[in-house]
Amino acid sequence: MTRAAQLHAQAQAGPFVIAGPCALESRDVALAVGRRLAEVSRALGLPAIFKSSFDKANRTSVESFRGPGLERGLALLAEIKAETGLPVLTDIHLPEQAAPVAEVADVLQIPAFLCRQTDLLVAAGRTGRVVNVKKGQFVAPWDMANAVGKIRSTGNAMIWLTERGASFGYNNLVVDMRAVPSMQAHGCPVVFDATHSVQLPGGQGASSGGQRQFVPTLARAAVAAGADGVFLETHPDPDRALCDGPNSWPLERLEPLLRDLLDIWEATRGRRVR
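It should be emphasised that the depicted structure is a prediction, and the values quoted were computed from it without experimental measurement.

Draft legend 1. Seen up close, empty space enclosed by the protein. With the rule as written, the count across this model stands at one cavity of 30 Å³ or more. Within this model, the largest cavity holds a volume of roughly 30 Å³. Contributing to the lining of the largest cavity are Pro21, Cys22, Ala23, Glu25, Thr234, His235, Ala241, Cys243 and Ser248. Looking at the lining of the largest cavity residue by residue, the classes come out as five nonpolar, three polar and one charged.

Draft legend 2. Representation of the pairing of strand 5 (residues 130-134) in the model. Across the five residues that make up strand 5, a large majority, five, are buried. A two-sided burial pattern is seen for strand 5, the buried positions comprising Val130, Asn132 and Lys134 on one face and Val131 and Val133 on the other. Bridge count between strand 4 (residues 107-110) and strand 5: four bridges; the pairing is parallel. Across the sheet, the residue bridging to isoleucine 110 is valine 133, located in strand 5.

Draft legend 3. Representation of unusual backbone geometry. For the bond running from glycine 14 to proline 15, omega is -10°, close enough to zero to count as cis. Mapped onto the fold, proline 15 is located in the loop between helix 1 (3-13) and strand 1 (16-20). Unusually for a residue other than glycine, asparagine 171 sits at a positive phi of about 55°. Since its relative accessible area comes to 39%, asparagine 171 is described here as partly exposed. Even without a glycine there, the phi angle at aspartate 244 is positive, about 55°. The buried category is assigned to aspartate 244, whose relative accessible area is 11%.

Draft legend 4. Quick look at the packing of aromatic side chains. For the structure on display, the rule yields one aromatic pair. Look at phenylalanine 16 and tryptophan 160: their rings are 5.0 Å apart centre to centre, the planes differ by 50°, and that puts the pair in the tilted class. Linking phenylalanine 16 in strand 1 with tryptophan 160 in strand 6 (residues 159-163), this pair joins segments that are 144 residues apart in sequence. Across the pair, exposure class does not vary: phenylalanine 16 and tryptophan 160 are buried alike. Taking the ring centre of phenylalanine 231 as reference, the NZ or CZ of lysine 134 above it sits at 3.9 Å.

Draft legend 5. Representation of the side chain of glutamine 109 in the model. Structurally, glutamine 109 can be placed in strand 4. Taking the relative accessible area as the measure of exposure, glutamine 109 reaches 2% and is therefore buried. There is a polar contact of 2.9 Å between the side chain of glutamine 109 and the side chain of aspartate 91. Excluding residues that lie within four positions of it along the chain, glutamine 109 makes contacts with Leu89, Thr90, Asp91, Ile92, Asn132, Lys134 and Phe231.

Draft legend 6. Molecular detail of the environment of threonine 268. Mapping threonine 268 onto the fold places it in helix 9 (residues 254-269). Every residue in contact with threonine 268, bar those within four places of it in the chain, is listed here: Val223 and Ala224. A distance of 3.1 Å separates a polar atom in the side chain of threonine 268 from the backbone oxygen of tryptophan 265.

Draft legend 7. Local environment of the pattern of salt bridges. The full count for this structure, using the stated rule, is 16 salt bridges. The network of salt bridges with common partners includes Arg36, Glu39, Glu255 and Arg259.

Conventions and cut-offs
- Residues numbered from 1 in each chain as written.
- Predicted model: local features only at pLDDT ≥ 70, side-chain atom pairs only at ≥ 80, totals over all residues.
- Heavy atoms only, no water.
- 1 Å grid on protein atoms, 1.4 Å probe; cavity = no way out; pocket = protein on both sides within 12 Å on 5 of 7 lines; lining within 4 Å.
- Points joined across faces, edges and corners; volume = space filled by probe spheres on them.
- Nonpolar A, V, L, I, M, F, W, Y, C, P; charged D, E, K, R; others polar.
- Buried < 20%, exposed > 50% of the residue type's maximum accessible area, 1.4 Å probe, protein only.
- Helix = DSSP H or I, 4+ residues; strand = E, 2+ residues; numbered from the N terminus.
- Pairing = 2+ DSSP bridges.
- Phe/Tyr/Trp six-rings, centres within 6.5 Å; stacked < 30°, edge-to-face > 60°.
- Lys NZ or Arg CZ within 6 Å of the ring centre and 35° of its normal.
- Polar contact = N/O pair within 3.5 Å; in protein donor to acceptor, adjacent residues only side chain to side chain.
- Contact = heavy atoms within 4.5 Å.
- Salt bridge = Lys/Arg side-chain N within 4 Å of Asp/Glu carboxyl O.

This is the structure we're talking about:
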């Protein structure tokens, strides 16, 4: 069984967490988060995947921080992977990024705004890596069957779907927990993005706002609704983060939140998961 197949099987068995800083803003921050995530994963017996982006191509303003770029970003992700032993996940925005990113990343992520981009989905599928597709804020859960079909057309069935809220008026998102079982019906593990779901898109004019105080509320609800995994952007100092700080969860509070979620996973699944 390939590493990708092992990772996918682990996700199907659940639960698991995907966590890390929004963007690779510095080596120090990325390694600090990676090391701590590995410690928490071992302490809780909870499989974890480190996530961060080498390029945030869909920032609100042209002046917003985007990341170190493909070459430097992949080198840093490889370093984090080697030091922590964690699998890594990162976004791709263009079909031509799929192959080089797959040389390092265990999971290729399709950003929510690009979840209908056929060439991107097919390129990701052809790498043979796990593909995590974020449901667009403008897409119904049942319509994600089309994204799944595009990836499966490559012969790759290692697909995860992530719920991250739906657009609700201006600068606001809401979460319909029916999306969890609806997308599981496509035959894919479903992840709940607890931090982007509290984002206020463009809510600060040239950047997005967020309501991180509601992260635990939504994460608990999603786990109770049956989510297989949880996605959390976390940072040692969210108020100083260069990307998505208002909706990022403080690193020092990561372990208590995950312990809480594990209790709910065990209660709803009727078995110990750690």
